[in-house]
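# Working through the structure, step by step
Listed below are the residues making up each chain.
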Amino acid sequence: MWSPSQAAVQREEKRRPPFYTCMNLWPFLGVTLVLLCIFMVNVPPHHDIGPNLQPSSYATALREDAIKVSIIRDGRVFFRNTWVVPEELPGFIRDALHSGAEKKVYLAVDSRSKFADTALVVDQIGKAGIREICFLTEKAAIRQ
């Protein structure tokens, strides 16, 4: 039995090209997945990020429980090894003081950081009640 819909199906089949016109994206997906796995495994640890300190002829040894605040080049602030917002710094310092740390902050500032970032952190340290701030430097090489 013939119907108009069957005729439309036959016309559509005649118009369809004999070859497949879609791209096969499975190889692209496979390569992308492999690259994703490689980059996820080879992520460098963030604890190696540190400030490029100014050279000095004197060295300072830090205790394990010392309050160390670092400011790196892009203005990020680290309390010990934890990234913090500068406005939250007084709370972290007070917690460290309650746990028995000395009432002195060691401030490691990258030599390429902005002065405004350093001034903001020094102000926040002052809000925590700390008056002794030691700026950390690298030991300079001795010239002969």
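Description of the structure in this document. These numbers were taken from a predicted model, which means no experiment stands behind them.

Here we come to the overall build of the chain. Tallying secondary structure elements over the chain gives four helices and seven strands in all. What you see in the chain, going N to C, is helices and strands ordered as α-α-β-β-β-β-α-β-α-β-β. Long-range contacts, defined as pairs at least 24 residues apart, comprise 69% of the intrachain contacts of the chain with a sequence gap of at least 6. For the chain, the exposed surface amounts to about 11300 Å²; the carbon and sulfur share of it is 59%.

Tallied over the entire structure, the rule returns one aromatic pair. Summarising the aromatic geometry, the rings of Phe-79 and Phe-92 are spaced 5.6 Å apart at their centres and angled 35° between planes, so their arrangement reads as tilted. Of this pair, Phe-79 sits in strand 3 (residues 77–79) while Phe-92 sits in helix 3 (residues 89–98), and the two are 13 residues apart along the sequence. Since its relative accessible area comes to 6%, Phe-79 is described here as buried. The class of Phe-92 is partly exposed, set by a relative accessible area of 31%.

Turning to the packing of helix 3 against helix 4 (residues 115–127), a few remarks are in order. Here helix 3 crosses helix 4 at 45°, and the two axes come no closer than 8 Å. What the angle tells us is that helix 3 and helix 4 run oblique. Crossing angle aside, the handedness with which helix 3 passes helix 4 is right-handed. Note on element contacts: helix 4 touches helix 3 through Val-121, Gln-124, Ile-125 and Lys-127, opposite Leu-89, Pro-90, Ile-93 and Arg-94. Of the residues that constitute the contact of helix 3 with helix 4, the class distribution is five nonpolar, one polar and two charged.

Another aspect to go through is the pattern of salt bridges. Using the criterion set out here, one finds four salt bridges in the structure. Between Lys-104 and Glu-132 there is a salt bridge whose closest N-O contact spans 3.9 Å. On the criterion of sequence distance, the pair formed by Lys-104 in the loop between helix 3 and strand 5 (105–109) and Glu-132 in the loop between helix 4 and strand 6 (133–135) is long-range, its members being 28 residues apart. Overall, the relative accessible area of 46% leaves Glu-132 in the partly exposed class. The partner of Lys-127 in a salt bridge is Asp-123, with the nearest N and O atoms 3.9 Å apart. With Lys-127 and Asp-123 both in helix 4, this residue pair falls four residues apart, about one helical turn.

The subject of this paragraph is the nonpolar core. Val-69, Phe-79, Leu-89, Ile-93, Val-121 and Ile-125 are the most contacted members of the largest nonpolar core, which totals 17 residues. Elements with a minimum of two residues in this core: strand 2 (67–71), strand 3, helix 3, strand 5 and helix 4. Those residues in contact with Ile-93 that lie beyond four places of it in its chain are Ile-67, Phe-79, Val-105, Ile-125, Ala-128 and Ile-130.

Bringing the sheet that holds strand 5 into the picture now. On the basis of which strands lie adjacent, the open sheet formed by five strands has the order 4-3-2-5-6 and mixed pairing. At either end of the open sheet lies a strand with only one pairing partner, and these are strand 4 (82–84) and strand 6. Taking the axes of each pair of neighbouring strands and ignoring which way they run, one obtains an average angle of 30° across the sheet. Sheet analysis places strand 2 next to strand 5, joined by five bridges and oriented parallel. Across the sheet, residue Lys-68 finds its bridge partner in strand 5, namely Tyr-106. The strands that helix 4 touches are strand 2, strand 3, strand 5 and strand 6; relative to strand 5, the one it contacts most, it runs at about 170°.

Conventions we followed
Residues numbered from 1 in each chain as written. Predicted model: local features only at pLDDT ≥ 70, side-chain atom pairs only at ≥ 80, totals over all residues. Heavy atoms only, no water. Helix = DSSP H or I, 4+ residues; strand = E, 2+ residues; numbered from the N terminus. Contact = heavy atoms within 4.5 Å. Areas by Shrake-Rupley, 256 points an atom, 1.4 Å probe, with all protein chains shown as cover. Phe/Tyr/Trp six-rings, centres within 6.5 Å; stacked < 30°, edge-to-face > 60°. Buried < 20%, exposed > 50% of the residue type's maximum accessible area, 1.4 Å probe, protein only. Axes fitted to C-alpha atoms, helices over the stretch in contact; angles between N-to-C directions. Parallel < 35°, antiparallel > 145°, perpendicular 65-115°, else oblique. Left-handed = near helix turned anticlockwise from the far one by under 90°. Nonpolar A, V, L, I, M, F, W, Y, C, P; charged D, E, K, R; others polar. Salt bridge = Lys/Arg side-chain N within 4 Å of Asp/Glu carboxyl O. Core = buried A, V, L, I, M, F, W, Y, C linked by side-chain atoms within 4.5 Å. Pairing = 2+ DSSP bridges.

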